[in-house]
Amino acid sequence: MEFEPVIGLEVHAQLLTQSKIFCSCSTRFGAPPNSNTCPVCLGLPGALPVLNRQAVAMAVRSGLALGCRINRKSLFARKNYFYPDLPKGYQISQYDLPLAAEGIATISLPADPSEPPSAAESKRFRINRIHLEDDAGKSIHDQGGTTQVNLNRTGTPLIEIVTEADFRSSGEAYEFLSFLRQVLLYLEVCDGNMEEGSLRCDANVSIRPVGAEAFGTKTEIKNLNSFRFVRRALDYEIERQKAVLLEGGRIIQETRLWNEQTQSTEAMRSKEEAHDYRYFPEPDLLPLVISQEWLDELQESIPELPDARKTRLEADYGLDESLAGLLTQTREFADYFETAARKAPPVKVANWMIGDLTRELKRDGREIADCPIAPHHLAELVELIDTGAISGKTAKDVFSRMYQSGEAPARIVEREGLRQISSEGELDSVVDRVLDANPDKVEQYRGGKEGLIGFFVGQVMRETGGQANPKLVNELLRGKLKAKS
């Protein structure tokens, strides 16, 4: 029997606010355990929550960027469940009336490797809702069997982005998560750091016979903190469910965890439904009302998003789709490119960025914001090559020095005497000396061994310390060798 997977995602994104969603405690990662806490986020008696306006603004901007309808009025609720790292005994979330709903994400999916490039397609994935909530703390289980609780994260503002079950493969889920992270980074509402828990994903997965309309029994895979783990966990769970059904068994609705060591999902607990959590209206918070004026202001603040920027770079700078896609991976990388491309040929700037610059940044674990080479200096380097002031080979050396020192390329070229010799008068005598010193090779060239032109060029380059313009040297040599024949 042929099966198809049915996958839905629940993505938790930590908002980049300075303070928590209902109190003034810091959201700084890495502080000493339980130091970023107060009576409000610890749930002490008499402490009342006060909503963080910046968190609301970030959530609204996220909803608008993802094509959602923003509900001008939304409600908070208490989601009751009991864990050691949830000091209030409930999470403040939104249930009946969320902040945003009914969004659409249109994503370009890569072509199947077995298909031609033209087989790549776009697919629309529906977003059911986006709601605000506060985060729980963190339980730390050690090997001695004890559990410690760090409540620094308690009260950190989150948005939960819940999709419809529109994904039919782990690859589609992976591409959606990549798209979502990119959008949130462009909006500057989340840092996307999965290792620190800033972006986490739960995946609901079931399988059904191909052609069937009804969904199968789903399992939920919790707390996936890597896109790679999402893909592996989904692939494993799909195959596990297939094996269970083909052996005559039935799928149990449950929550499972991904074990990276065993490369398998493992049962955690029976799956809860909404009624298991016992949602109640939050009595300490008024309904959240967004004015039309503020909504318009937030709409105006949304930057050019990745797909739109990619399309514009293709049109404005003559880039192909692949190059434009690489340049728009982050807002800062695209900004760097556009600054440099105003002063030098765009495609050449892009190639330096995607090649040498990216390699150096990755090696040092740096982001483009920390790049020691200013955009106008990279443009200047490209111009030095284009005008013949330095050769491509010399440019590699100059680039390396620029990266180490942050200096302008022209200054390095002048100080180190690296400027290319592009004067015919200067090179003419050097070419003559090389030909006069190698009469046997000249005769062989005249006899038909035209491949020896590379030998003559190499000799001239050696004579000039590698500073001769190779194109001009080639022209001079061919002219003189032709005259000699």
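Residues numbered from 1 in each chain as written. Predicted model: local features only at pLDDT ≥ 70, side-chain atom pairs only at ≥ 80, totals over all residues. Heavy atoms only, no water.

### A look at helix 6 (residues 306-317)
Since there are 3.6 residues in each turn of an α-helix, residues three or four apart along the chain are aligned in direction. In plain terms, the rule: For helices the rule is a DSSP run of H or I covering at least 4 residues; for strands it is a run of E covering at least 2, with both sets numbered from the N terminus onward. Take the residue count of a helix, subtract one, and multiply by 1.5 Å to get its expected span. Partly exposed residues are those whose accessible area sits between 20% and 50% of the maximum for their type, while under 20% is buried and over 50% is exposed, using a 1.4 Å probe and protein chains only. The directions from the helix axis to the C-beta atoms are what the arc is built from. Note on contacts: a residue pair is in contact if any heavy atoms of the two residues lie within 4.5 Å.
Taking 1.5 Å per residue, twelve residues should reach 16 Å; helix 6 reaches 16 Å between its end C-alpha atoms and fits that length. If you check which residues of helix 6 are buried, you get Pro306, Arg309, Lys310, Leu313 and Tyr317. Viewed end-on, helix 6 has its buried residues packed into an arc of 105 degrees, placing them on one side of the element. Facing away from the buried side of helix 6, by more than 90 degrees, are the exposed residues Thr311 and Ala315. In the core, the buried residues of helix 6 are packed alongside helix 2 (170-187), helix 7 (321-327), helix 8 (331-341) and helix 9 (346-364). Positive phi shows up at Gly318, right after helix 6, with a value of about 70 degrees.

### Digging into unusual backbone geometry
Positive phi, normally seen in glycine, also occurs at Asn34, with a value near 60 degrees. Summarising the element assignment, Asn34 is placed in the loop between strand 1 (3-14) and helix 1 (53-65). A positive phi is found at Asn223, a non-glycine position, where the angle reads about 55 degrees. Examined against the element boundaries, Asn223 turns out to sit in strand 12 (residues 219-224).

### Focus: the layout of surface pockets
For clarity, the threshold we go by: Using only the protein atoms, space was sampled on a 1 Å grid; points where a 1.4 Å probe fits but cannot get out form cavities, open sets with protein on both sides within 12 Å along at least five of seven lines form pockets, and lining residues are those with an atom within 4 Å of a point. Grid points are joined across faces, edges and corners, and a volume is the space filled by probe spheres set on the points.
Approximately 1,700 Å³ is the volume found for the second largest pocket. Contributing to the lining of the second largest pocket are 40 residues, with Gln182, Gly325, Thr328, Gln329 and Thr330 lying nearest its centre. Sorting elements by how many residues they give to the lining of the second largest pocket places helix 2 first, with seven residues.

### A look at the packing of aromatic side chains
What counts is decided by this rule: Pairing of aromatic side chains here covers Phe, Tyr and the six-membered ring of Trp, requires ring centres within 6.5 Å, and sorts the geometry by plane angle: under 30 degrees stacked, over 60 edge-to-face, intermediate tilted.
The tally for this structure, following the rule as stated, stands at 13 aromatic pairs. Ring geometry for Tyr174 against Phe227: centres 6.1 Å apart, planes inclined by 80 degrees, an arrangement best described as edge-to-face. On the criterion of sequence distance, the pair formed by Tyr174 in helix 2 and Phe227 in helix 3 (residues 227-246) is long-range, its members being 53 residues apart. Look at Phe227 and you get buried, because its relative accessible area is 13%. Between Phe455 and Phe456, the ring centres sit 5.5 Å apart and the planes meet at 65 degrees, which makes this aromatic pair edge-to-face. With a relative accessible area of 27%, Phe455 lands in the partly exposed category. Judged by its relative accessible area of 0%, Phe456 is buried.

### Concerning the pattern of salt bridges
Rules: Within this document, salt bridges are pairs made up of a side-chain nitrogen of Lys or Arg and a carboxyl oxygen of Asp or Glu, the two lying within 4 Å of each other.
A full pass over the atoms with the stated rule returns 38 salt bridges. Between Glu102 and Arg69 there is a salt bridge, with its nearest N and O atoms 2.8 Å apart. Highlighted residues: Glu102 in strand 6 (residues 100-109) and Arg69 in strand 2 (residues 69-70), separated in sequence by 33 residues. Where salt bridges share partners, they join Glu304, Arg309, Arg312, Asp316, Asp335 and Glu338 into one cluster.

### Quick look at helix 2
For helix 2, with 18 residues, the first-to-last C-alpha span of 26 Å sits near the 26 Å given by 1.5 Å per residue. For helix 2, the buried fraction is high: 13 of the 18 residues fall into the buried class. Downstream of helix 2 by a residue or two, Glu188 has a phi angle that is positive, lying close to 60 degrees.

### What about the sheet that holds strand 5 (residues 90-93)?
Worth spelling out the cut-off: When DSSP finds at least two bridges between two strands, those strands are taken to pair. An axis is simply a line fitted to the C-alpha atoms; with a helix, the fit covers only the stretch in contact. Between two such axes, the angle follows the N-to-C directions and lies from 0 to 180 degrees.
Taken in spatial order, the three strands make up an open sheet running 5-4-15, and their pairing is antiparallel. Each having just a single partner strand, strand 5 and strand 15 (279-281) make up the two edges of the open sheet. Neighbour to neighbour, the strand axes of the sheet diverge by 30 degrees on average, direction disregarded. In this structure, strand 4 (residues 77-80) lies alongside strand 5, joined through four bridges in antiparallel fashion. For Asn80, the partnering residue across the bridge sits in strand 5 and is Tyr90.

### What to know about the environment of Val11
Mapped onto the secondary structure, Val11 falls in strand 1. For Val11 and Asn223, which are 212 residues apart along the polypeptide, the C-alpha to C-alpha distance reads 9.4 Å. If we skip the residues at most four places from it in the chain, Val11 touches Ile159, Glu160, Ile161, Leu177, Leu180, Leu199, Arg200 and Cys201.

### A few points about the sheet that holds strand 2
Here we have nine strands laid out as an open sheet, ordered 2-6-7-10-1-11-12-13-14, and mixed in their pairing. Single-partner strands in this sheet number two, and they are strand 2 and strand 14 (264-270). Pairing analysis gives seven bridges linking strand 7 (residues 121-134) to strand 10 (residues 157-163), with the strands arranged antiparallel. Within strand 10, the position partnered with Arg129 by the bridge is Val162.

### Section: the pairing of strand 10
Among the seven residues in strand 10, seven count as buried, and that is most of the element. Neither face of strand 10 is exposed, since Pro157, Ile159, Ile161 and Thr163 on one face and Leu158, Glu160 and Val162 on the opposite face are all buried. Where strand 1 and strand 10 come together, five bridges link them in antiparallel fashion. When the bridges of strand 10 are listed, Glu10 appears paired with Val162.

### Observations regarding the side chain of Ser198
Heads up, the rule is: Distance and chemistry together define a polar contact, namely a pair of N or O atoms within 3.5 Å, with one atom able to donate a hydrogen and the other to accept it when in protein, and with adjacent residues in sequence counting only for side-chain atoms on both sides.
Structurally, the position occupied by Ser198 is in the loop between helix 2 and strand 11 (199-209). Note on Ser198: relative accessible area 4%, which makes it buried. A distance of 2.9 Å separates the side chain of Ser198 from the side chain of Asp191, its partner in a polar contact. Ser198 has contacts with His12, Ala13, Gln14, Cys190, Asp191, Gly192 and Asn193, leaving out every residue within four places of it along the chain.

### Examining the packing of helix 13 (residues 424-437) against helix 15 (residues 453-463)
How we decide: An angle counts as roughly parallel when it lies under 35 degrees, as roughly antiparallel when it exceeds 145, as roughly perpendicular when it falls between 65 and 115, and as oblique in every other case. The handedness criterion is simple: a crossing whose near helix is rotated anticlockwise from the far helix by less than a right angle is left-handed, and one whose near helix is rotated clockwise is right-handed.
Relative to each other, helix 13 and helix 15 sit at 125 degrees, their axes nearing to 10 Å. As summarised for this structure, helix 13 and helix 15 are arranged oblique, according to the angle between their axes. For the pair helix 13 and helix 15, the crossing hand works out as right-handed. For the pair formed by helix 13 and helix 15, the contact residues are Val430, Val431, Arg433, Val434 and Leu435 on the first element and Phe456, Gln459, Val460 and Glu463 on the second.

### Looking at the environment of Ile368
Structurally, the position occupied by Ile368 is in the loop between helix 9 and helix 10 (375-386). Linking Ile368 and Thr358, residues ten residues apart in sequence, is a C-alpha distance of 8.5 Å. Setting aside anything within four residues of it in sequence, one finds Ile368 in contact with Glu332, Phe333, Tyr336, Leu357 and Leu361.

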